[in-house]
Amino acid sequence: MSGVKTTGGKGEDGPSSSLERAKADDFGRSISKIVVAQICESVGYQGYKESALEALADISIWYPCDLAKNASFHANLAGRTECNVFDITRALEDLGDSHGFPGASETGNCLVDSCIVKGITQFVDTKEEIPFAQPVPKFPVVRNEKLVPSFKHMNEAPPGKHIPSWLPAFPDPHTYNHTPMWTERASNPCADKIEQARRQIKAERALLRLQQRFVLVVCTILPKEAIISDSIIFLLIGDSVHACYWKSMLIMRGEKVWHWLSETCALLSYMSVGFLFHLGFTVFFTLATVESLVSMIAIGY
Amino acid sequence: MSHNPQSSDGKHDDDSTLSDFLASLMDYTPTIPDELVEQYLAKSGFQCPDVRLIRLVAVATQKFVAEVASDALQHCKARQDAVVKDKRDKQQRDKRLILTMDDLSKSLREYGVNVKHQEYFADSPSTGIDPASREE
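An account of the accompanying structure is given in this report. (Residues numbered from 1 in each chain as written. Chains lettered and ligands numbered in written order. Predicted model: local features only at pLDDT ≥ 70, side-chain atom pairs only at ≥ 80, totals over all residues. Heavy atoms only, no water.)

Here we come to the overall build of chain A. Along the backbone of chain A there are 10 helices and two strands. The order of α-helices and β-strands along chain A, N terminus first, is β-α-β-α-α-α-α-α-α-α-α-α. Here chain A holds 301 residues, and the buried ones make up 30% of them. Within the structure as shown, chain A displays about 21400 Å² of accessible surface, and the carbon and sulfur contribution to it stands at 61%. (Helix = DSSP H or I, 4+ residues; strand = E, 2+ residues; numbered from the N terminus. Buried < 20%, exposed > 50% of the residue type's maximum accessible area, 1.4 Å probe, protein only. Areas by Shrake-Rupley, 256 points an atom, 1.4 Å probe, with all protein chains shown as cover.)

Here's what the structure looks like:
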């Protein structure tokens, strides 16, 4: 039997939408839908509308529930907890009252010859048997719950006389007591610092060696006049650091240093750096030309 | 009472009828599976270890649904016949019989179940109105 999938007009997809959450009764409802579809097919229908089928499936769920409630009510009324066939018969009569059934108006009728049961008997005799299309597993599935063991089970004494030993045991104290936490360190900070200092010393030594090699190269290759002039220039500019550097180079080379000139220039530089900076630049340029001339002359000689 | 022995005989017959019927239920397989019925009966507080009673409930439900469906089918056929009479088009009769909400609500009304389905969903109160009148 094919289904014409038209819903209530909203244009939504049916139960195949992934946004809908699975409800607890989905399995039972889907089985009832199949049942109702089979019944409709046996009656003579060739197709169904989805909304109509769902409504009829809801009714096919509601009917036995209502029947059961009614039957259990009648059983309780008679002082029983288990229902029997007469409770069901009374419940069927209650549900059939609105529609009407033969023998409804008669009072004092024995339930054994109830017309409703006769109607059902007739239905069973005349109607063709339509078994359910697929095998149905036993449901709902009962899962074995892991129960908390009792005091007796754990061989523990309950912490109070008012607590019987068959009750579930209390949780262990480590689950609710606050204990200090020790952070596990993978590295030792002292060792890290020592390592860092060692590396620093290594780097400094390498730099010093590089400077020494550089100085050696400069001392051997550069002419003496250039060094002197450069140191004077640095002094005039006010760069006492570089001036001392070049001075030390001269000392290493064993040259004579004009102390008075260097000290005077240093004093002047400290007094007025800016003026000297400007002055130094002009001097620098003039001296650069002089130096080149001097070196040219020196080379010439 | 005079009819007592007769009624007692009748009762025996009825008893046997009932017990025979319940026995025959074990041979008959209702369309509704037993597991489904058991689940819904357990939910409603129905306690009974007897399988025959569960089968009885299943058969009663099946009968009810079949009656509702057949009533709806009658409505559907009547509607199709009416359409054919109006249009006098024999091809219309070959239309498939489809279970619709209209027929179902009509047949359920007789059983005391009110299933009224909204005919359509509209976005606003003016949906479907003629554009000229809407502007007014």
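Moving on to the interface of chain A and chain B. Contacts between chain A and chain B engage 69 residues on the former and 58 residues on the latter. Each partner contributes to the roughly 5600 Å² buried at the junction of chain A and chain B, and carbon and sulfur atoms together form 74% of this total. Summed over the three residues of chain A that lose the most area to chain B, namely Ile39(A), Tyr45(A) and Phe123(A), the buried surface amounts to 11% of that side. Inspection of the chain A/chain B interface yields two salt bridges. Two residues, Lys138(A) and Glu38(B), come together in a salt bridge whose shortest N-O distance is 3.7 Å. The interface formed by chain A and chain B includes 11 residue pairs in polar contact (both at pLDDT 80 or more). Listing elements by their share of the side of chain A that touches chain B, those giving two or more residues are β1 (2-4), α1 (26-43), β2 (47-49), α2 (50-77), α3 (85-96) and α4 (115-126) of chain A. (Contact = heavy atoms within 4.5 Å. Buried area = accessible area lost by both parts, 1.4 Å probe. Salt bridge = Lys/Arg side-chain N within 4 Å of Asp/Glu carboxyl O. Polar contact = N/O pair within 3.5 Å; in protein donor to acceptor, adjacent residues only side chain to side chain.)

Let's shift gears to the environment of Ala91(A). Turning to its location among the elements, Ala91(A) is positioned in helix α3. In contact with Ala91(A), other than residues within four places in its own chain, are Leu67(A), Asn70(A), Ala71(A) and His74(A).

All names here are of chain A. For the pair α2 and α3, interaxial distance at closest approach is 8 Å and the crossing angle is 125°. Regarding the angle of α2 to α3, the classification is oblique. Once α2 is placed against α3, the crossing between them reads as right-handed. Listed contacts from α3 to Tyr63, Asp66, Leu67, Asn70, Ala71, His74 and Ala75 of α2 are Asp87, Ile88, Arg90, Ala91, Leu92, Asp94 and Leu95. Within the contact of α2 with α3, the residues separate by chemical class into eight nonpolar, two polar and four charged. (Axes fitted to C-alpha atoms, helices over the stretch in contact; angles between N-to-C directions. Parallel < 35°, antiparallel > 145°, perpendicular 65-115°, else oblique. Left-handed = near helix turned anticlockwise from the far one by under 90°. Nonpolar A, V, L, I, M, F, W, Y, C, P; charged D, E, K, R; others polar.)

What the rule picks out here adds up to 12 salt bridges over all chains. Here Lys63(B) ties to Glu67(B) by a salt bridge, and the two come within 3.1 Å at their closest N and O atoms. One end of the pair, Lys63(B), and the other, Glu67(B), are both in helix α3 (residues 51-87), four residues apart, so they sit about a helical turn from each other. Between Arg79(B) and Asp103(B) there is a salt bridge whose closest N-O contact spans 3.0 Å. You can see Arg79(B) sitting in helix α3 and its partner Asp103(B) sitting in helix α4 (residues 101-110), a full 24 residues away along the chain. Connected through shared salt-bridge partners, Lys33(A), Glu50(A) and Glu54(A) make up one network.

With that settled, consider the packing of α2(A) against α4(B). Any two packed helices are characterised by how steeply their axes cross, that is the angle between the axes, and by the distance between the axes. At a minimum axis separation of 8 Å, α2(A) and α4(B) run at an interaxial angle of 30°. As far as their axial angle goes, α4(B) and α2(A) are roughly parallel. Residue-level contacts link Ser51(A), Ala52(A), Ala55(A), Leu56(A) and Ile59(A) of α2(A) to Met101(B), Leu104(B) and Leu108(B) of α4(B). Residue classes in the contact of α2(A) with α4(B) are distributed as seven nonpolar, one polar and no charged.

All right, on to α2(A) then. Between its first and last C-alpha atoms α2(A) spans 41 Å; for 28 residues at 1.5 Å apiece the expected length is 40 Å, and the two agree. By the criterion of burial, α2(A) is predominantly enclosed, with 20 of the 28 residues buried. (Expected span 1.5 Å × (residues − 1).)

Tallied over the full model, the rule gives five aromatic pairs over all chains. Here the aromatic rings of Trp62(A) and Tyr63(A) are separated by 6.1 Å at their centres, their planes lie at 70°, and the arrangement is edge-to-face. Judged by its relative accessible area of 36%, Trp62(A) is partly exposed. What links up through ring pairs into an aromatic cluster is the set Trp62(A), Tyr63(A), Phe64(B) and Tyr111(B). (Phe/Tyr/Trp six-rings, centres within 6.5 Å; stacked < 30°, edge-to-face > 60°.)

Nothing here speaks to function; it is all geometry.
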